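Tertiary structure, described
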Amino acid sequence: MKIEISSLHNRFIMIGLIISVLLFNLIAFKTNQHLTKNQIVHIWTFTMSCQSLFDMYIDIKYHGYWYFTKDVDWEALIAFIALVPPVNMMFLNWYPFQSSRGKKILYFVYWCISILLYELLTLLPEPFGYFHYGWWNMSYSAIVDPILLSLLLMYYKWICRIENLSVYKQRG
């Protein structure tokens, strides 16, 4: 009986996560106009790899933050696999590559503020909140988020260069 109650409780606390995953994926794929399937696969894989590496230490080893419980949870896989990758797709799809440096900086600021606001929502009590702080706080996120977005942007530009070189070699 204890397992059934725990399982039911975990399903109930996932409402916020499930809504977020569905909404972010719907927006990412419905509004995508610039990313190729190859780029989407690269972004998805890169995001899951980086998030897993980062969370392996901050979440699992040092308990800076965690999803659901401090343990390794099956439910947290949804966050690793389907929550952040579509957000990164939206960030890159809408990135103002041809705009001025000022617009690019404002775009970064907008995204960093949006990510911080979303993080605040995930800290709400159950059933909508699913994220918890240990020693981690918003200040750390405010510092780390621009770095992570910059790494994502650099990775995307690198993938685009590789694709362009591949096309050039095929034609040459």
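Refer to the structure printed above.
Presented here is an overview of the structure given in this document.

1. Describing the nonpolar core
Counting residues in each nonpolar core, the largest one holds 40 residues, and the members touching the most others are Leu 17, Tyr 67, Phe 91 and Leu 92. At the level of elements, α2 (15-31), α3 (37-61), β1 (65-67), α4 (76-82), α5 (84-93), α6 (101-122) and α7 (138-171) are the ones that each hand at least two residues to this core. Looking at which element gives the most residues to this core, the answer is α7, with eight residues. What Leu 92 contacts, discounting residues up to four positions off in sequence, is Leu 35, Ile 43, Phe 97, Leu 152, Leu 153 and Tyr 156.

2. What to know about the packing of aromatic side chains
Tallied over the full model, the rule gives 26 aromatic pairs. Ring geometry for Phe 54 and Trp 136: centres 6.0 Å apart, planes at 85°, overall edge-to-face. You can see Phe 54 sitting in helix α3 and its partner Trp 136 sitting in the loop between β2 (131-133) and α7, a full 82 residues away along the chain. For Phe 54, a relative accessible area of 28% gives the class partly exposed. Exposure remark for Trp 136: the relative accessible area of 7% places this residue in the buried category. Ring geometry for Tyr 95 versus Tyr 107: centroids 5.5 Å apart, planes at 85°, classification edge-to-face. Here Tyr 95, found in the loop between α5 and α6, pairs with Tyr 107, found in helix α6; they are 12 residues apart in sequence, far enough to count as distant. Each of the two residues, Tyr 95 as well as Tyr 107, counts as buried.

3. Remarks on a nonpolar patch on the surface
There is a patch of nonpolar side chains on the surface, built from Leu 53, Met 56, Tyr 57, Tyr 62, Trp 135 and Tyr 140 and spanning about 630 Å² of accessible area. If you tally residues by element for the nonpolar patch, the top one is α3, at three residues.

4. Here's the deal with α5
The element α5 is extensively covered by neighbouring structure, given that nine of its 10 residues are classed as buried. Those residues of α5 that fall on the buried side of the exposure criterion are Pro 85, Pro 86, Val 87, Asn 88, Met 89, Met 90, Phe 91, Leu 92 and Asn 93.

5. Overview of the environment of Thr 47
With respect to the secondary-structure elements, Thr 47 resides in helix α3. With relative accessibility at 4%, the residue Thr 47 sits in the buried group. C-alpha of Thr 47 to C-alpha of Pro 86: the two residues are 39 residues apart in sequence and 9.4 Å apart in space. Setting aside chain neighbours within four positions, we find Thr 47 in contact with Val 84, Pro 85 and Asn 88.

About the criteria used
Residues numbered from 1 in each chain as written. Predicted model: local features only at pLDDT ≥ 70, side-chain atom pairs only at ≥ 80, totals over all residues. Heavy atoms only, no water. Core = buried A, V, L, I, M, F, W, Y, C linked by side-chain atoms within 4.5 Å. Buried < 20%, exposed > 50% of the residue type's maximum accessible area, 1.4 Å probe, protein only. Helix = DSSP H or I, 4+ residues; strand = E, 2+ residues; numbered from the N terminus. Contact = heavy atoms within 4.5 Å. Phe/Tyr/Trp six-rings, centres within 6.5 Å; stacked < 30°, edge-to-face > 60°. Patch = residues over 30% accessible without salt bridge, like charges linked within 9 Å, V, L, I, M, F, W, Y side chains within 5 Å. Areas by Shrake-Rupley, 256 points an atom, 1.4 Å probe, with all protein chains shown as cover. Salt bridge = Lys/Arg side-chain N within 4 Å of Asp/Glu carboxyl O.

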